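One-letter residues, chain by chain:
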Amino acid sequence: MRLESVGKRYGPRRPWVVRDVSLDVAPGSLIRVEGRNGTGKSTLLRVAAGVSLPSAGRVTGRPHTGYVPERFPGGLPFSARDYLLHLARVHGLRGTVAARRADEWLDRLGAASFAGQPLRELSKGMCQKVAIAQALLARPGLLVLDEAWTGLDQAARGALDAAVGERVADGGAVMFVDHDQARLAGRITERWRLDGSGRAAVAAGGRVAAGDGRSAQDLVVVIELAGLEPESAAVLRDQPGVLSCDGGAVRVPAAASDEVLRQVLAWDGVHVTAVRTVRASTGQADAGQAAGR
Amino acid sequence: MTALLRYQAALLLRSNRWIFPLVAYGALIAVGAAGSTPLAEGLDWSAAMLLPVSAFLTRSMLTAEPDASWACVAAAAGPAAGPVRAQLATLVTALGGGVVLGAVGAVFTLLTSEPAGPRPRSGVTGAITATLHYPGVFLAGLATAVVCLLTGAAIGALCNTPLLRHSGAAALATLAVVILALAAGVSPANAALRHGGDVASAARWPGGLPLIGAAALLAVTWTASVLAAARRERSLP
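Source: prediction; values computed, not measured.

I'd like to hear about the overall build of chain A, residue by residue, with values.
The number of helices and strands found in chain A is seven helices and 13 strands. The C-alpha radius of gyration computed for chain A amounts to 20 Å, which stays within 12% of the reference 19 Å derived for 293 residues, consistent with globular compactness. Along the first, second and third principal axes, the C-alpha atoms of chain A reach 65 × 45 × 30 Å. Per-residue burial over chain A gives 52% buried out of 293 residues. When the accessible surface of chain A is totalled, it reaches about 12,700 Å², and 48% of it is carbon and sulfur.

In structure tokens:
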């Protein structure tokens with residue numbers, strides 16, 4: 001997909017919110033859009049997602065798109081499941097596939113028990129899960145997330161991180177805005193920075209390392225734990241990305257370490273005693289201790 | 001497009017936004033049918049009352065969906081022209097609701113009015129007799145209803161979000177333009193109801209010009225509404 005001299009303003013006499021943005025979105029890329037409040041991040045995402053037509057320039061080669069808005073207030077006369085079924089059909093899915101995907105995503109995001117409840121009665125976080133589920137139903141080639149993590153519980157945030165990973169691994173592109181600087185750090189392939197005048201530039205390309213600029217890809221984080229029970233160790237071993245978990249040490253690629261850390265910190269009776277990084281290629285311990293985040 | 005229409009139709013039915021137009025239209029037609037009205041006059045009345053109903057049905061569909069879920073639907077309906085299709089589906093669904101109400105109104109009028117001929121009879125037999133003996137009267141009444149339906153849908157699109165976003169102003173504007181459209185001579189609906197002065201004949205054809213005018217009005221206002229929805233933001237209802 002390509003943005004060609006894209007500009008956007010909300011009326012002929014209004015100021016340009018986004019102007020002259022010419023950037024490519026390659027398959028398999030994970031793009032973080034950055035900028036201060038009011039610099040047009042949401043507007044740029046809406047134009048990229050095809051929700052809003054650009055006022056100038058054009059967007060070409062957009063694949064099938066899933067869009068998650070900043071807030072999803074519900075307020076519709078459907079149950080969560082019925083809404084997802086309708087949206088699945090709009091996404092082009094049919095009958096049984098639509099139903100299966102709707103149930104699958106409600107389940108993955110931890111909303112299965114609320115499937116039959118009217119959207120009007122759902123909490124803000126639960127509505128957000130429905131909004132995320134609808135965007136993922138059709139395994140879109142472009143996933144656009146506008147602060148989609150806000151209001152989610154920890155498990156759902158992890159599920160969304162994993163879903164983003166799946167989209168990228170499938171060759172899809174993902175664009176997102178989030179206030180948490182550490183969000184998906186290590187997996188991001190490109191950062192677009194909006195400068196306040198509506199212009200966007202690539203701030204960094206290639207695999208962006210967390211911290212000191214070393215490639216995060218070949219770093220392994222070793223998390224040492226005390227008080228880990230065998231059942232919990234088994235749960236960790238089943239986590240996506242976890243390389244090994246024996247005794248009190250979990251080995252996980254740097255890209256997935258935050259999620260594992262969040263999980264173990266949430267467990268009662270489990271203490272993190274040390275976190276350090278080693279080179280995956282050599283197995284050598286790096287000098288110094290890396291912070292968890 | 002089918003999935004979009006299905007979604008919008010479900011939204012209309014489940015949101016109960018059809019109840020007010022149905023009750024209002026039923027009441028207006030019942031007022032018109034009180035006493036014994038000739039079929040041609042009854043059909044004119046039910047056609048005229050379809051205009052405000054169609055306008056307010058369009059208004060309620062345009063305000064039925066919060067901006068955020070509309071955006072999700074617009075993206076899902078893509079990848080190209082998603083918002084255009086999403087907005088068009090909203091307008092078409094409202095028009096479809098108007099068609100259903102108009103059809104119900106026409107059948108009701110047929111059942112309760114006196115046939116336009118020398119043998120007054122009412123009820124189902126009367127309706128069948130009227131349709132068989134005076135198809136011209138019935139068809140002319142339907143054509144008038146179509147003019148009013150299209151004009152009403154055009155007014156609904158013109159006077160509401162995203163073209164007119166202030167909710168209170170939009171409601172008032174819709175009401176004012178509906179009254180104008182029924183009363184002012186330039187309106188296709190008014191022209192259709194005047195039958196070009198040919199009130200004497202039993203079959204009151206609206207004429208071709210009002211039909212063309214109403215269709216043109218609909219095309220222009222719908223295009224404006226669709227483009228506004230796709231280019232600007234839709235306001236939060």
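Outline the overall build of chain B, supporting the account with residue identities and numerical values.
Of regular secondary structure, chain B possesses 10 helices and zero strands. N-terminal to C-terminal, the α/β element order of chain B is α-α-α-α-α-α-α-α-α-α. Restricting to contacts in chain B with at least 6 residues of sequence separation, those with at least 24 account for 77%. Element-wise, carbon and sulfur atoms account for 75% of the exposed surface of chain B, whose accessible area totals about 9,600 Å².

For the interface of chain B and chain A, give the residues involved together with the corresponding values.
Each side of the interface is counted separately: chain B has 28 residues, and chain A has 33 residues. For the pair chain B and chain A, the summed buried surface comes to about 2,600 Å²; carbon and sulfur atoms form 64% of the total. Joining chain B to chain A, the criterion identifies two salt bridges. B:Arg14 is paired through a salt bridge with A:Asp82; the nearest N and O atoms lie 3.2 Å apart. Here chain B and chain A share six residue pairs in polar contact (both at pLDDT 80 or more) between them. Element by element, the count of residues in the side of chain B that touches chain A is highest for helix α4 (residues 67-76) of chain B, at 10 residues.

Tell me about unusual backbone geometry, and please be specific about residues and values.
That bond from B:Gly78 to B:Pro79 is cis: its omega, 5 degrees, falls within 30 degrees of zero. Along the polypeptide, B:Pro79 turns up in the loop between α4 and α5 (82-112). A cis amide bond links B:Thr161 with the next residue in sequence, B:Pro162, at an omega value of 5 degrees. As for its placement among the helices and strands, B:Pro162 is situated in the loop between α7 (135-158) and α8 (167-183). If you check the backbone angles, A:Asp20 has positive phi at about 50 degrees while not being a glycine. By secondary structure assignment, the location of A:Asp20 is in strand β2 (residues 18-24).

Any details on the nonpolar core? Residues and values, ideally.
All names here are of chain A. Tyr83, Leu145 and Val164 are the most contacted members of the largest nonpolar core, which has 63 residues in total. For this core, the element with the highest residue contribution is helix α4 (residues 124-136), accounting for eight residues. Dropping the residues within four chain positions of it, Val164 is found in contact with Leu30, Leu143, Leu145, Trp149, Val174 and Leu184.

Provide a residue-level description of the side chain of B:Ser225, including the pertinent values.
With respect to the element layout, B:Ser225 can be found in helix α10 (residues 208-231). With residues up to four places along the chain from it excluded, the contact list for B:Ser225 reads B:Gln87, B:Leu91, B:Ala157, B:Pro162 and B:Leu163.

Tell me what's going on with the pairing of strand β1 (residues 2-8) of chain A, and back it up with residues and numbers.
Residue and element names in this part refer to chain A. Pairing of β1 with strand β4 (residues 56-60), which is carried by four bridges, proceeds in the antiparallel orientation. Looking at β4, one finds that Arg2 is bridged to Thr60. Sheet analysis places β1 next to β2, joined by four bridges and oriented antiparallel. Bridge pairing in β2 links Leu3 to Leu23.

Describe in detail the state of the cysteines, supporting the description with residues and values.
A full pass over the atoms with the stated rule returns zero disulfides over all chains. B:Cys72 takes part in no disulfide bond, and the closest cysteine sulfur, belonging to A:Cys127, lies 11 Å away. Residue class for B:Cys72 comes out buried when judged on its relative accessible area of 1%. Free cysteine B:Cys148: the closest other cysteine sulfur is in B:Cys159, separated by 16 Å. The exposure class assigned to B:Cys148 is buried, which follows from its relative accessible area of 0%.

An account of helix α2 (residues 80-90) of chain A is needed here, citing residue identities and associated values.
Most of α2(A) is tucked away, with eight of its 11 residues classed as buried. Every buried residue of α2(A) is listed here: A:Ala80, A:Tyr83, A:Leu84, A:Leu85, A:His86, A:Leu87, A:Ala88 and A:Val90. Tucked inside the fold, the buried residues of α2(A) contact α3 (95-108) and α4 of chain A together with α1 (2-14) and α4 of chain B. Phi turns positive one or two residues past the end of α2(A), at A:Gly92, with a value near 100 degrees.

How would you explain the packing of aromatic side chains if you had to name every residue and give the values?
Residues and elements named next belong to chain A. Taken as a whole and assessed by the stated rule, the structure comprises five aromatic pairs over all chains. When the centroid spacing of 6.5 Å and the interplanar angle of 40 degrees are considered together, the rings of Phe78 and Tyr83 count as tilted. Residue Phe78 shares its accessibility class with Tyr83, and that shared class is buried.

The rules behind the values
- Residues numbered from 1 in each chain as written.
- Chains lettered and ligands numbered in written order.
- Predicted model: local features only at pLDDT ≥ 70, side-chain atom pairs only at ≥ 80, totals over all residues.
- Heavy atoms only, no water.
- Helix = DSSP H or I, 4+ residues; strand = E, 2+ residues; numbered from the N terminus.
- Rg over C-alpha atoms; globule rule 2.2 N^0.38 Å.
- Buried < 20%, exposed > 50% of the residue type's maximum accessible area, 1.4 Å probe, protein only.
- Areas by Shrake-Rupley, 256 points an atom, 1.4 Å probe, with all protein chains shown as cover.
- Contact = heavy atoms within 4.5 Å.
- Buried area = accessible area lost by both parts, 1.4 Å probe.
- Salt bridge = Lys/Arg side-chain N within 4 Å of Asp/Glu carboxyl O.
- Polar contact = N/O pair within 3.5 Å; in protein donor to acceptor, adjacent residues only side chain to side chain.
- Core = buried A, V, L, I, M, F, W, Y, C linked by side-chain atoms within 4.5 Å.
- Pairing = 2+ DSSP bridges.
- Disulfide = S-S within 2.5 Å.
- Phe/Tyr/Trp six-rings, centres within 6.5 Å; stacked < 30°, edge-to-face > 60°.

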